[in-house]
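So the chains spell out like this:
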Amino acid sequence: MTTSAMPQINPEYVHWFRNSAPYINTHRGKTFVIMFGGEAVNHPNFSTLIHDFALLHSLGIKLVLVHGARPQIENNLQGTDITSPLHEDIRVTPRVAMPSILQAVGAIRLQIEAQLSMGLANSPMYGSRIDAVSGNFVTARPYGIRNGVDYQMTGEVRSIDVEAIKNNLLHDHIVILGSMGYSATGEVFNLLAEDVALSAAVALGADKLIFLGEETGINDDDRLLREMIPNEVDRFLRGRDLNCEINYFLNCASNACRQGVHRTHIISYAKDGALLEELFTRDGSGTLISHDPYEEIRRADIDDVVGLIELLLPLEEQGILVSRSRECLEQEIDHYSVIERDGMILGCAALYPLDADAAEVACVAVHPEYRSGSRGADLLAFLEQQARSHGLHKLFVLTTRTAHWFVEQGFAEVEASALPEARQEKYHNGRNSKVFQKTL
């Protein structure tokens, strides 16, 4: 009797799945507002996006989907005598155009609802039970006359029915918002979907606002900018065309951060799996705009010891750093500072006071996959600020292999006799380290 060979499991898949677990736990129960335009609905990847929305829903994430309809509206208006031009990338909406616009928006909503209801066997949504709801959740007012242009039935968001949306999310529904708003007098206004998404995210206190655009994220000279904060966004957008889709997304993302939405993402609807990669991997797939820097430099605490051991052990085995036991790290944890990114320790450095005027910088380390940036220099600057706040004027460092880097950071080689007397007694440890000093 023969036994069949066990099927081989892809180790990369296992690694990814295990490392996605912290994000699954973090995102469960959170509210995400996801905006995409009519271009995304027309794209071949949209059916896959719907599957990804269903997956997020199955993981306990509360979803508000906001869709635009610009190409669908343009298509409906073709062949008619109706003129509905764009002025500064905002549609001027005559009343006679509203039936065509309502038909386009309604058709997209029905398409999304139909695809979310699909639970066919042999499909990614097999066995799913998703209730999608839409309604008059957005109250609007006229956009009015601006720079001499009467925008007619174009409107802007006046308020969001937060209670109604939250009640639907509480009952495990996916909420769908179109680019339409309703006035207290019963009129319907054509809105910018981006503004609906921004207003909804702020009003709901959403945990994330996600813009799905054609481009991967924000690129500068063909380089993807993975993380930005609002002040960096302001500098980036200075002198650029805000009517460009990606720049308008970025401007909305910055406004969202300043109004309490801590993280906004700009990613591609065309790239298969971009949404999952952005939400369940450390580096993501697009651009994150956050109120605070994505990576945080802070003082270490006892919970960081395991992460420090994982970071330092390879360097200790190579002889680059002095070996430190777990007990030693626990006892000296108050001297350490770390760079943390989504729970992972990417870098560390320690500051040991030597006397009333000097301190020693030690144990400077950055994870091998994150050494291309300025993290080491940022850590050193953080320690220097600590030293200054304690009235210290000299920093010393002892190193065997990274002398050039410390010289680049403003240190100069000195004799061991320059060390404070207590440190000189411990200097001769067989490593023959070079001594460097920096005056603050």
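The structure reproduced in this document is the subject of the present report. (Residues numbered from 1 in each chain as written. Predicted model: local features only at pLDDT ≥ 70, side-chain atom pairs only at ≥ 80, totals over all residues. Heavy atoms only, no water.)

## Overview of the packing of helix α3 (residues 46–58) against helix α5 (residues 98–116)
Basically, it comes down to this: Axes here mean lines fitted to C-alpha atoms, for a helix over just the part in contact, with angles spanning 0 to 180 degrees between N-to-C directions. Secondary structure elements are taken from DSSP: a helix is a run of H or I of four residues or more, a strand is a run of E of two residues or more, and numbering for both begins at the N terminus. If an angle is under 35 degrees, it is roughly parallel; if it is over 145, roughly antiparallel; if it lies from 65 to 115, roughly perpendicular; otherwise it is oblique. Here a crossing is taken to be left-handed if its near helix is turned anticlockwise relative to the far helix by less than a right angle, and right-handed if that turn runs clockwise. By the convention used here, residues are in contact when the closest approach between their heavy atoms is within 4.5 Å.
One can describe the packing of α3 onto α5 by two numbers: an axis separation of 10 Å at closest approach and a directional angle of 60 degrees. Considering their axes alone, α3 and α5 lie oblique with respect to each other. Of the two possible hands of crossing, α3 and α5 adopt the one that is right-handed. Packed against α3, whose contacting residues are Phe 46, Ser 47 and Ile 50, the element α5 presents Gln 111, Ile 112, Gln 115 and Leu 116 at the interface.

## Here's the deal with the packing of aromatic side chains
The line we're drawing: Stacked, edge-to-face and tilted labels apply to pairs of Phe, Tyr and Trp rings (six-membered ring for Trp) whose centres lie within 6.5 Å, assigned for plane angles under 30 degrees, over 60, and everything in between, in that order. With a 1.4 Å probe rolled over the protein chains alone, any residue whose accessible area is under 20% of its type maximum counts as buried; one over 50% counts as exposed, and the rest are partly exposed. We count a charge as sitting over a ring when the NZ of a lysine or the CZ of an arginine lies within 6 Å of the ring centre and within 35 degrees of the ring normal.
Counted under the stated rule, the structure contains seven aromatic pairs. Relative to Phe 46, the ring of Phe 36 lies with its centre 5.5 Å away and its plane at 55 degrees, an arrangement referred to as tilted. Separated by 10 residues along the polypeptide, Phe 36 in strand β1 (residues 31–36) and Phe 46 in helix α3 bring together distant segments of the chain. Judged on exposure class, the residue Phe 36 and its partner Phe 46 are both buried. With 4.8 Å between their ring centres and 85 degrees between their planes, Tyr 143 and Tyr 151 make a pair best called edge-to-face. Here the two residues Tyr 143 and Tyr 151 agree in accessibility, since each one is buried. Cluster of aromatic residues (ring-pair linked, three or more members): Phe 36, Phe 46 and Phe 53. Between the NZ or CZ atom of Arg 146 and the centre of the ring of Tyr 143, over which it lies, the distance is 3.6 Å. Positioned above the aromatic ring of Phe 236, the side-chain terminus of Arg 240 is 3.8 Å from the ring centre.

## Details of a negative patch on the surface
To keep it simple, the criterion reads: Here, patches come from residues exposed beyond 30% relative accessible area and free of salt bridges, joined within 9 Å for like charges and within 5 Å for nonpolar side chains (Val, Leu, Ile, Met, Phe, Trp, Tyr). Accessible areas in this description were obtained via Shrake-Rupley with a 1.4 Å probe; residue shielding takes into account the shown protein chains only. Each reported salt bridge corresponds to a side-chain nitrogen of Lys or Arg within 4 Å of a carboxyl oxygen of Asp or Glu. A positive count includes Lys and Arg, and a negative count includes Asp and Glu. His and the chain ends are not counted in either. All charge positions are set by atom: Lys at NZ, Arg at CZ, Asp at CG, Glu at CD.
Judged by side-chain charge, Glu 39, Glu 214, Glu 215 and Glu 245 come together as a negatively charged surface patch. Relative to the helices and strands, Glu 39 resides in helix α2 (residues 38–42). Residue classification places Glu 39 among the partly exposed residues on the basis of a relative accessible area of 34%.

## A few points about α3
Note the cut-off: Take the number of residues in a helix, subtract one, and multiply by 1.5 Å to get its expected span.
Between its terminal C-alpha atoms α3 stretches 18 Å, which fits the 18 Å expected from 13 residues at 1.5 Å a residue. Listed in full, the buried residues belonging to α3 are Phe 46, Leu 49, Ile 50, His 51, Asp 52, Phe 53, Ala 54, Leu 56 and His 57. In the stretch just after α3, Gly 60 is the one whose phi turns positive, near 90 degrees.

## Digging into the sheet that holds strand β18 (residues 287–290)
Heads up, the condition is: When DSSP finds at least two bridges between two strands, those strands are taken to pair.
With mixed pairing, the eight strands of this open sheet are ordered in space as β5-β10-β2-β1-β13-β17-β18-β16. In this open sheet, the two edge strands, each paired with only one partner strand, are β5 (131–133) and β16 (227–228). Looking at chain direction, β16 and β18 are connected through two bridges and run parallel. The residue bridging Met 228 from the neighbouring strand is Ile 289, located in β18. Across the sheet, helix α6 (residues 162–170) lies against β1, β2 (62–67), β5 and β10 (173–177), angled at about 145 degrees from β10, the strand it touches most.

## Things to note about the pairing of strand β13 (residues 208–213)
Two faces, one strand: in a regular strand the side chains alternate between the faces of the sheet. β13 sits mainly inside the fold: six of its six residues count as buried. In this sheet, β13 lies alongside β1 in parallel orientation, the contact comprising five bridges. The residue of β13 that forms the bridge with Phe 32 is Lys 208. As paired strands, β13 and strand β17 (residues 263–268) are joined by six bridges and run parallel to one another. By the bridge assignment, Lys 208 is partnered in β17 with Arg 263.

## Structural notes on the layout of surface pockets
A probe matching the size of a water molecule, rolled over the atoms, marks out where space remains unfilled. In plain terms, the rule: Cavity means a closed set of points on a 1 Å grid over the protein atoms alone, one where a 1.4 Å probe fits but cannot get out, pocket means an open set with protein on both sides within 12 Å along at least 5 of 7 lines, and lining means a residue has an atom within 4 Å of a point. Grid points are joined across faces, edges and corners, and a volume is the space filled by probe spheres set on the points. Basically, the charged four are Asp, Glu, Lys and Arg, the nonpolar ten are Ala, Val, Leu, Ile, Met, Phe, Trp, Tyr, Cys and Pro, and anything else, Gly included, counts as polar.
For the largest pocket, the calculated volume is near 1,000 Å³. Listed by contribution, the elements that provide at least two residues to the lining of the largest pocket are β21 (344–353), β22 (358–366), α13 (375–389), β23 (394–399), α14 (403–408) and α15 (421–424). A per-element tally of the lining of the largest pocket places β22 first, with seven residues. Its residues assigned to classes, the lining of the largest pocket shows 23 nonpolar, nine polar and nine charged.

## Structural notes on the nonpolar core
Cut-off, in case you're wondering: The nonpolar core is taken to be a set of buried Ala, Val, Leu, Ile, Met, Phe, Trp, Tyr and Cys residues, with the residues joined through side-chain atoms within 4.5 Å.
Ile 34, Phe 36, Phe 53 and Leu 177 are the most contacted members of the largest nonpolar core, which has 82 residues in total. Other than its neighbours up to four places away in sequence, Ile 34 contacts Phe 53, Leu 56, Leu 63, Val 64, Leu 65, Val 66, Ile 210, Leu 212 and Leu 275.

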